[in-house]
Amino acid sequence: MKKILTIQDISCVGKCSVTAALPIISALGIETCIVPTALLSTHTQFDGFTFRDLSDEMAKILEHWKTQNFHFDAIYTGYLGSESLINLAIEFISAFKEENTKIIVDPAMADAGQLYAGLPAGLEAKMKKLCGCADIILPNISEASLMLDEPYPGEDAGKEEIEALLNKLSSLGAKSSVITGVDFGDGTLGFAGRAEDGSFFSYGAEKINMSSHGTGDVFAATFTGSLVRGASEFEALKIATDFTSACIKNSYNDPDHVSYAVNFEAEIPYLLKRAGII
């Protein structure tokens, strides 16, 4: 069985980070190992959330794992709430990256041009270093702009602005750079990317007029799981886009959906069909 290590927080309520990654990747038939970076009472959309940094415990986990000869087909990082957590994520990658281990970094730290609540100023500089360890990075427009110290172009950034960001992201060191949440202006929302050879690619699914926390985590987990299952990078990105769109649409049509996340659980059967499992 394939095995993925994901390094990100546990938000007790929020359907994001580990509580999204673990069920999605597991549903794709892949063993999901976790290193929790922090414990939050809720995700950062909620006022007054609690946050417990788990750096000390992460260091102990790392030292123990080094004695166990563990192997991972991919290492996928998500929300990292401090510079020390990013440094530890880099140490895990250094310890467990093998020749064929895929490294996927979702620099989950910003939206609408601003860092998430509670994150320290300057975190984007440290996140750039983590991106340099990756094969594939998955920032949204806000995260790309902050890491590159570029003016935030807005969520309706045009093709030329997106491609300019992608060209600059390539200098961070990842083989492929993919910007998520790109509005193509034709009723579709998806991703635009730059491959290692400098070529651009993109894909969009139906845009649903609803905004929700956690969709980036759903996308990144689905992409990582699909990639490790054997899909090409582009096909894995398409599966992630289609599944995320289906989750948003399900929530939009559900009068009882929660306001803080999307109904990804209800669309797991669709994911299994889309991924060719059933």
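Conventions and cut-offs
Residues numbered from 1 in each chain as written. Predicted model: local features only at pLDDT ≥ 70, side-chain atom pairs only at ≥ 80, totals over all residues. Heavy atoms only, no water. Axes fitted to C-alpha atoms, helices over the stretch in contact; angles between N-to-C directions. Helix = DSSP H or I, 4+ residues; strand = E, 2+ residues; numbered from the N terminus. Left-handed = near helix turned anticlockwise from the far one by under 90°. Contact = heavy atoms within 4.5 Å. Nonpolar A, V, L, I, M, F, W, Y, C, P; charged D, E, K, R; others polar. Buried < 20%, exposed > 50% of the residue type's maximum accessible area, 1.4 Å probe, protein only. Arc of directions from axis to C-beta. Pairing = 2+ DSSP bridges. Parallel < 35°, antiparallel > 145°, perpendicular 65-115°, else oblique. Core = buried A, V, L, I, M, F, W, Y, C linked by side-chain atoms within 4.5 Å. Salt bridge = Lys/Arg side-chain N within 4 Å of Asp/Glu carboxyl O. Phe/Tyr/Trp six-rings, centres within 6.5 Å; stacked < 30°, edge-to-face > 60°.

1. Remarks on the packing of helix 7 (residues 215-229) against helix 8 (residues 233-253)
Remark: helix 7 packs on helix 8, axes separated minimally by 8 Å, with the N-to-C direction vectors making an angle of 145°. Seen along the crossing, helix 7 lies across helix 8 with a hand that is right-handed. Here Thr215, Val218, Phe219, Thr222, Phe223, Ser226 and Leu227 of helix 7 lie close against helix 8, whose contacting residues are Glu233, Ala236, Leu237, Ile239, Ala240, Thr241, Phe243, Thr244, Cys247 and Ile248. Of the residues assigned to the contact of helix 7 with helix 8, the class counts are 11 nonpolar, five polar and one charged.

2. Focus: unusual backbone geometry
With a phi angle near 60°, Asn69 is a residue other than glycine that sits in the positive phi range. Under the relative-accessibility criterion, Asn69 is labelled exposed at 72%. Non-glycine residue Ala112 carries a positive phi angle of around 50°. Mapped onto the secondary structure, Ala112 falls in the loop between strand 6 (110-111) and strand 7 (114-115). Classification of Ala112 as exposed rests on a relative accessible area of 52%.

3. Side note on helix 6 (residues 159-169)
Listed as buried for helix 6 are Ile162, Leu165, Leu166 and Leu169. One face of helix 6 carries all of its buried residues, which in axial projection span an arc of 100°.

4. Let's talk about the pairing of strand 9 (residues 176-183)
Of all eight residues in strand 9, six are buried, a share of seventy percent or more. Bridge count for strand 8 (residues 136-137) against strand 9 is two bridges, and the pairing is parallel. Across the sheet, residue Ile137 finds its bridge partner in strand 9, namely Ser177. Looking at chain direction, strand 9 and strand 10 (residues 188-194) are connected through six bridges and run antiparallel. In the sheet register, Ser177 faces strand 10, and the bridge partner there is Arg194. Between strand 9 and the antiparallel strand that follows it, strand 10, lie four residues; Gly185 among them carries a positive phi value of about 75°.

5. Things to note about the packing of helix 5 (residues 141-148) against helix 6
To describe two helices that pack against each other, one gives the angle between their axes and the distance between the axes. Axis separation between helix 5 and helix 6 bottoms out at 10 Å; the angle between their running directions is 50°. Overall, the two elements helix 5 and helix 6 adopt an arrangement that is oblique. Relative to helix 6, the crossing made by helix 5 is left-handed. Contact with helix 5, carried on its side by Ile141, Ala144, Ser145, Met147 and Leu148, involves Ile162, Leu165, Lys168 and Leu169 of helix 6 and no other residues of that element. A class-by-class count of the residues in the contact of helix 5 with helix 6 yields seven nonpolar, one polar and one charged.

6. Let's talk about the nonpolar core
Residues Leu5, Ile7, Phe92, Leu130, Leu169 and Ile179 are the most contacted members of the largest nonpolar core, which totals 46 residues. The element contributing the most residues to this core is helix 3 (residues 83-96), with eight residues. For Phe92, the contacting residues outside a window of four places in its chain are Leu5, Ile7, Val35, Met58, Ile61, Leu62, Trp65 and Ile75. Listed in part, the 37 residues of the second largest apolar core include Ile25, Ile104, Val178 and Phe219.

7. Looking at the environment of Ile90
Mapped onto the secondary structure, Ile90 falls in helix 3. Discounting residues that sit within four places of it in the chain, Ile90 has contacts with Lys129, Leu130 and Cys133.

8. Side note on the sheet that holds strand 8
Within a sheet, neighbouring strands are paired by backbone hydrogen bonds and run either parallel or antiparallel to one another. If you walk across this open sheet you meet the nine strands as 3-2-1-4-5-8-9-10-11, and the pairing is mixed. Looking at the sheet topology across the chains shown, the edges are occupied by strand 3 (51-53) and strand 11 (200-206). As paired elements, strand 1 (residues 3-13) and strand 4 (residues 74-77) share four bridges and run parallel to each other. Bridging from a neighbouring strand, Ile4 pairs with Ala74 of strand 4. Relative to the sheet, helix 6 contacts strand 8, strand 9, strand 10 and strand 11, its axis offset from that of strand 9 by approximately 155°.

9. Points about the pattern of salt bridges
As enumerated under the stated definition, the model contains 11 salt bridges in all. We note a salt bridge from Lys207 to Asp183, for which the minimum N-O separation is 2.6 Å. Taken together, the positions of Lys207 in the loop between strand 11 and helix 7 and Asp183 in strand 9 put the pair 24 residues apart, joining distant regions of the chain.

10. With respect to the packing of aromatic side chains
Centre distance and the angle of the planes are the two values used to describe a pair of aromatic rings. The full count for this structure, using the stated rule, is 13 aromatic pairs. Ring geometry for Phe201 versus Phe234: centroids 6.1 Å apart, planes at 85°, classification edge-to-face. Taken as a pair, Phe201 in strand 11 and Phe234 in helix 8 lie far apart in primary sequence, 33 residues in all. A network of ring pairs unites the aromatic residues Trp65, Phe70, Phe72, Phe92 and Phe96 as a single cluster.

Purely geometric stuff here, so don't read any function into it on its own.
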